[in-house]
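One-letter residues, chain by chain:
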Amino acid sequence: MLRIRHEVNGGPEVLFAEEADVPVPAPGELLVAVEAVGVTLPVVRKVREGDRALPLGGEVAGTVAALGEGVRGFAVGDRVTGLCFGHGYAEYALLSAPFASAVPDGASSVDAVALVRSGLVARGAWEAGQVRRGESVLVTAAASGVGSLALQLARARGAGRLVAAVSSPDKADFVRGLGADEVVLYGEPAAWGDPYDVVLDGVGGELLGPAVRALATGGRLVAYGSGGGSVEAYELLVRGASMIGFQIRAVAQGRPEVYEGWRRELWKAYADGSLRPAVHGRVPLAEAARAHALIEERRNLGKVVLIP
């Protein structure tokens, strides 16, 4: 099978294709013939910034090709999606059964990888922020796979003033089409307008400081991105504000019933048309370096998907 790997950390150019054996599922695992792979910012950053080369995991969707011992609720031939923590950039990948879910009839594998993991992060960030109907919300990385779904969820759940923060003006029409009332640019925090009750931040790093300073009294910032960064405690203190970290893997492992409930919500919203995953483009698996470059250069509008 074809697999994408890297041996050193760096930019997209360090990725290469190789032939590898089809893996064998261990107890509790599904072997999936992959039809789509969702490229995520955390994986892109790990390739460039990690301290060692690790397997390229992430969201995959496809058809169950084999079952490991003890797997219940799935059968060979089922269409599934889920998070792969091993080699996911491949024609065949292994999914741990608790992280896999069925893809309903009428949904493509591309839609599945654009919806489920990104939607779960967006849904969880909303929950972590305890957003109340009518509150003002700022979403950073608003044109990303997660951000585009966070905008739609915020609008559907009754956010008041909904503002999208993006890296360049050419993304404005895209995020307005997803429900944003206003659009602001990362490099112009002084023009972000009135303070916000909630900031959902998928960027981190140097944007974290301005995001905290954009909070209203009693505001909440939810950090769910992989960009790191630090915050001065004083900035929170003077606003009576709080900062919450959110990671979907922790929910999947620690509160599986909540994870599954959110997953059902997402598919229901997809079925009734109230939530639509935005896909920037489909890139051949062998050209994974091009997909990583799209994300590093912040050119994507929605999800970038690899096709084996």
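In what follows, the structure referred to is the one given above.
As the structure is a prediction and not an experimental result, all values here were calculated from the model.

Undergrad: Sorry, what's going on with the packing of aromatic side chains here?
TA: When we look at a pair of aromatic rings, we describe it by the centre distance and by the angle of the planes. Considering all chains together, one arrives at 4 aromatic pairs under this definition. Considering the side-chain rings of F246 and W262, the 6.5 Å spacing of their centres and the 50° angle between planes classify their relative orientation as tilted. Here W262 lies in helix α8 (residues 256–271) and F246 lies in the loop between β13 (242–245) and α7 (248–254), a separation of 16 residues in the sequence. Assigned by exposure class, F246 and W262 land together as buried. Aromatic side chains W267 and Y270 sit 5.5 Å apart centroid to centroid with 90° between the ring planes, which places their arrangement in the edge-to-face category. Taken together, the residues W267 and Y270, both in helix α8 and 3 residues apart, mark about one turn of the helix. Among the aromatic side chains, those forming a connected cluster through ring pairs are F85, F99 and Y259.

Undergrad: Help me understand a nonpolar patch on the surface in this model?
TA: Taken together, the side chains of Y234, L237 and V238 make up a nonpolar region of the molecular surface, amounting to roughly 350 Å² of accessible area. Here L237 shows up in helix α6 (residues 233–237). Judged by its relative accessible area of 66%, L237 falls in the exposed class.

Undergrad: In this structure, what is going on with the side chain of R123? I would like to understand it.
TA: Its location among the elements puts R123 in helix α2 (residues 109–128). With relative accessibility at 7%, the residue R123 sits in the buried group. Within the structure, the side chain of R123 is placed 2.7 Å from the side chain of E127, a separation counted as a polar contact. Here E265 takes part through its side chain, which lies 2.8 Å from a polar atom of the side chain of R123. In this structure, R123 is in contact with L153, R157, W262 and E265, ignoring residues within four places of it in sequence.

Undergrad: Explain the pattern of salt bridges to me, please; I cannot follow it from the model alone.
TA: Pairing of side chains with opposite charge becomes possible as their charged atoms draw close. Taken as a whole and judged by the stated rule, the model has 18 salt bridges. Between R155 and D181 there is a salt bridge, and its shortest N-O distance comes to 2.7 Å. Note that R155 is positioned in helix α3 (residues 145–156) and D181 in the loop between α4 (172–176) and β10 (182–185), a separation of 26 residues in sequence. When salt bridges with common partners are traced through the structure, they connect R3, R5, E7 and E18 into a single cluster.

Undergrad: How should the packing of helix α1 (residues 41–49) against helix α9 (residues 288–296) be read in this particular structure?
TA: A pair of packed helices is characterised by two quantities: the angle between their axes and the separation of those axes. At their nearest, the axes of α1 and α9 sit 10 Å apart, and the two run at 100° to each other. On the basis of the axis angle, α1 is roughly perpendicular to α9. In contact with L41, V43, V44, V47 and R48 of α1, α9 contributes H292, I295 and E296. Across the contact of α1 with α9, the residue classes tally to 5 nonpolar, 1 polar and 2 charged.

Undergrad: Quick question: what am I supposed to make of unusual backbone geometry here?
TA: Trans is the prevailing form of peptide bonds, just as negative phi is the prevailing case for residues other than glycine. One non-glycine residue with positive phi stands out, namely A141, at about 50°. Tracing the backbone through its elements, the reader meets A141 in the loop between β8 (137–139) and α3. In this model, R298 sits at a positive phi of 55°, which is unusual for a non-glycine residue. For R298, the location among the structural elements is in the loop between α9 and β15 (303–307).

Undergrad: What am I meant to see in the nonpolar core here?
TA: For soluble globular proteins, nonpolar side chains are generally found buried alongside one another. With 50 residues, the main nonpolar core has V137, V139, L151, L200, I248, Y259 and W267 as its most contacted residues. Counting only elements with at least two residues in this core, the list comes to α2, β8, α3, β9 (162–166), β11 (196–201), α7 and α8. Counting residues per element, this core draws most heavily on α2, which supplies 10 residues. Formed by 32 residues, the second largest nonpolar core is a distinct cluster that contains L15, F74, I295 and V304.

Undergrad: Would you mind going over the pairing of strand β3 (residues 29–39) with me for this structure?
TA: Each regular strand shows side chains that alternate between the opposite faces of the sheet. In terms of residue burial, β3 counts as a mostly covered element, since 8 of its 11 residues are buried. In terms of strand pairing, β3 meets strand β6 (residues 92–96) through 5 bridges, oriented antiparallel. Looking at the pairing, E29 lines up with S96 of β6. Taken together, the 8 bridges between β3 and strand β4 (residues 58–67) define a ladder with antiparallel strand orientation. Bridge pairing in β4 links V37 to V60. With 3 bridges joining them, β3 and β15 adopt antiparallel strand pairing.

How each quantity is defined
Residues numbered from 1 in each chain as written. Predicted model: local features only at pLDDT ≥ 70, side-chain atom pairs only at ≥ 80, totals over all residues. Heavy atoms only, no water. Phe/Tyr/Trp six-rings, centres within 6.5 Å; stacked < 30°, edge-to-face > 60°. Helix = DSSP H or I, 4+ residues; strand = E, 2+ residues; numbered from the N terminus. Buried < 20%, exposed > 50% of the residue type's maximum accessible area, 1.4 Å probe, protein only. Patch = residues over 30% accessible without salt bridge, like charges linked within 9 Å, V, L, I, M, F, W, Y side chains within 5 Å. Areas by Shrake-Rupley, 256 points an atom, 1.4 Å probe, with all protein chains shown as cover. Salt bridge = Lys/Arg side-chain N within 4 Å of Asp/Glu carboxyl O. Polar contact = N/O pair within 3.5 Å; in protein donor to acceptor, adjacent residues only side chain to side chain. Contact = heavy atoms within 4.5 Å. Axes fitted to C-alpha atoms, helices over the stretch in contact; angles between N-to-C directions. Parallel < 35°, antiparallel > 145°, perpendicular 65-115°, else oblique. Nonpolar A, V, L, I, M, F, W, Y, C, P; charged D, E, K, R; others polar. Core = buried A, V, L, I, M, F, W, Y, C linked by side-chain atoms within 4.5 Å. Pairing = 2+ DSSP bridges.

Keep in mind these numbers describe shape, not what the thing actually does.
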